[in-house]
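Below, each chain spelled out in residue letters.
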Amino acid sequence: MPGIETAVPALALRDIACHFPARGNPGGTYTAVRDSTITIAPGEFVSIVGPTGCGKSTLLNVASGLLKPSQGTVEVFGKPLTGINRQAGYMFQADALMPWRTALENVVVGPEFAGMNRAEADRLGRDWMARVGLAGFEKAYPHHLSGGMRKRVALAQMLIMDPKVILMDEPFSALDVQTRQLMENELLELWQADRKSVMFITHDLEEAIALSDRVIALAAGPGTHPIGEFKIDLPRPRDVAEIRHLGEFSRLHAQIWEALKDEVLKGYAQGKR
Ligand SMILES: Nc1ncnc2c1ncn2[C@@H]1O[C@H](COP(=O)(O)OP(=O)(O)OP(=O)(O)O)[C@@H](O)[C@H]1O
């Protein structure tokens, strides 16, 4: 995309470090993240991959403003982030739906708290439910919906607020493979229609390549940091199941895995200790 490097990034994490109190070592510190600079251009879909426990969620929490980094700065469309990132919508691995509210009532939670009148919020909510393929399920409660349907509710709940930046932390990892691929395609379709900037955390390299414009690989912790950035020039629109059969997909997979495999082995060894 011409000019993408020169545009003000939608999200810029600059020189981030995060220290935590060390577990089992009173007074000590654990450096989860260090020297991490990550920028995401307007409309760009970026995945962050790395070994288990390396610090992916920590970086996402920094981007959301929920965690203040020990060092470094965050900018959202060129403005320093202080407090919660209100331009961002979030989606996490676990469902955050309220079980006592119907699907529609869950979808309209954001507009309702923002003071939109009920009729307008409901109209918008029904529209979003239709866009994520849930027309007719407005009155269903979360426990009556399948895992994939609950994810669709969560997607609508996030997108109804029209966030400029989307932060996703392994949102589909709890789903079975087929439902997961359906949801990934759904996400791409929604993203393609109205390009937001996406920071997508996953430890699944195939998922990262299938979805993204760029993949950033992280080192194992402690002190995780980017060790490689890979442009994913696969054609769009994409079908995540079919795109895996392209030769270029395999080439990218081999290239990124080469950068990542020692780190994954290190992360695995640490996890066993
Ligand atoms: N609040 C905290 N206090 C102490 N240590 C923490 C805290 N948050 C994260 N850590 C540690 O920082 C490291 C990175 O954690 P983080 O959850 O960011 O990794 P991750 O890559 O997202 O993990 P996973 O792959 O399991 O989702 C881990 O060792 C974790 O134990």
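Residues numbered from 1 in each chain as written. Predicted model: local features only at pLDDT ≥ 70, side-chain atom pairs only at ≥ 80, totals over all residues.

A.B. asks: Describe the overall build of the protein chain, listing the residues and the values that go with them.
C.D. replies: In terms of helices and strands, the protein chain carries nine helices and ten strands. Taken over C-alpha atoms, the radius of gyration comes to 19 Å for the protein chain, in line with the 19 Å a tight globule of 273 residues would show. Taken along its principal axes, the extent of the C-alpha atoms in the protein chain is 50 × 50 × 45 Å. Relative to its 273 residues, the protein chain shows a buried fraction of 39%. (Helix = DSSP H or I, 4+ residues; strand = E, 2+ residues; numbered from the N terminus. Rg over C-alpha atoms; globule rule 2.2 N^0.38 Å. Buried ≥ 20, exposed ≤ 12 C-beta atoms within 10 Å, placed from the backbone.)

A.B. asks: Before we move on, could you go through the sheet that holds strand 5 (residues 79-80) and cite the residues and values that matter?
C.D. replies: Taken together, four strands build an open sheet; the order of strands is 2-1-4-5 and the sheet is antiparallel. Each of the sheet's edge strands pairs with one partner strand only, and the pair in question is strand 2 (29-40) and strand 5. Pairing between strand 1 (residues 11-21) and strand 4 (residues 71-76): five bridges, direction antiparallel. Within the sheet, the bridge partner assigned to R14 lies in strand 4 and is T73. Sitting on the sheet, helix 1 (residues 56-64) is in contact with strand 1, strand 2 and strand 4, with an inclination near 120° to strand 1. (Pairing = 2+ DSSP bridges. Contact = placed C-beta atoms within 7 Å. Axes fitted to C-alpha atoms, helices over the stretch in contact; angles between N-to-C directions.)

A.B. asks: Let's hear about the nonpolar core: which residues, and what values?
C.D. replies: Core analysis: the biggest nonpolar cluster contains 66 residues, and A63, V107, A156, L167 and M199 have the highest contact counts within it. Among the elements that make up this core, the one with the highest residue count is helix 5 (residues 147-159) (six residues). What V107 contacts, discounting residues up to four positions off in sequence, is G125, W128, M129, V153, A156, Q157 and I160. (Core = buried A, V, L, I, M, F, W, Y, C linked by C-beta atoms within 7 Å.)

A.B. asks: Give a detailed account of the UniProt feature "domain: ABC transporter" (unreviewed entry) in the protein chain, specifying residues and quantitative values.
C.D. replies: Taking the UniProt record as the reference, the feature "domain: ABC transporter" (unreviewed entry) is found at residues 11-245. The span residues 11-245 is 31% helix and 26% strand, and its two end C-alpha atoms sit 32 Å from each other. (UniProt positions renumbered as here; feature names shortened; annotations may be inferred.)

A.B. asks: Give a description of the pairing of strand 9 (residues 214-218) that names residues and reports values.
C.D. replies: With four of five residues buried, strand 9 is to be regarded as a mostly interior element. Relative to strand 9, strand 3 (residues 45-49) runs parallel, the two being bridged by four bridges. Paired with I48 across the bridge in strand 9 is I216. The sheet contact formed by strand 9 and strand 10 (residues 226-231) spans five bridges and is antiparallel. The residue bridging V215 from the neighbouring strand is F230, located in strand 10.

A.B. asks: Lay out the site of the ligand in plain terms, naming residues and giving numbers.
C.D. replies: As a structural note, the neighbourhood of the ligand is formed by 13 residues, with F20, A32, K56, S57 and T58 the closest of them. Breaking the shell around the ligand down by element, the ones donating at least two residues are strand 2 and helix 1. With three residues, the top contributor of residues to the shell around the ligand is helix 1. For the shell around the ligand, the per-class residue count stands at four nonpolar, eight polar and one charged. (Near = placed C-beta within 6 Å. Nonpolar A, V, L, I, M, F, W, Y, C, P; charged D, E, K, R; others polar.)

A.B. asks: Describe helix 5, and please don't skip the residues or the numbers.
C.D. replies: With 13 residues, helix 5 extends 18 Å between its outermost C-alpha atoms, agreeing within 8% with the 18 Å of an ideal straight helix rising 1.5 Å per residue. Of the positions making up helix 5, those classed as buried are R150, K151, R152, V153, A154, L155, A156, Q157, M158 and L159. Tucked inside the fold, the buried residues of helix 5 contact strand 6 (88-91), helix 2 (103-107), helix 3 (109-113), helix 4 (118-131), strand 7 (165-169) and helix 6 (177-193). (Expected span 1.5 Å × (residues − 1).)

A.B. asks: Give me the lowdown on the environment of L60, citing residues and values where you can.
C.D. replies: Looking at the element boundaries, L60 is found in helix 1. Here the alpha-carbon distance between L60 and A140, two residues 80 residues apart in the chain, equals 31 Å. Once residues within four sequence positions are removed from consideration, L60 is found in contact with L167, D169, M199 and I201.

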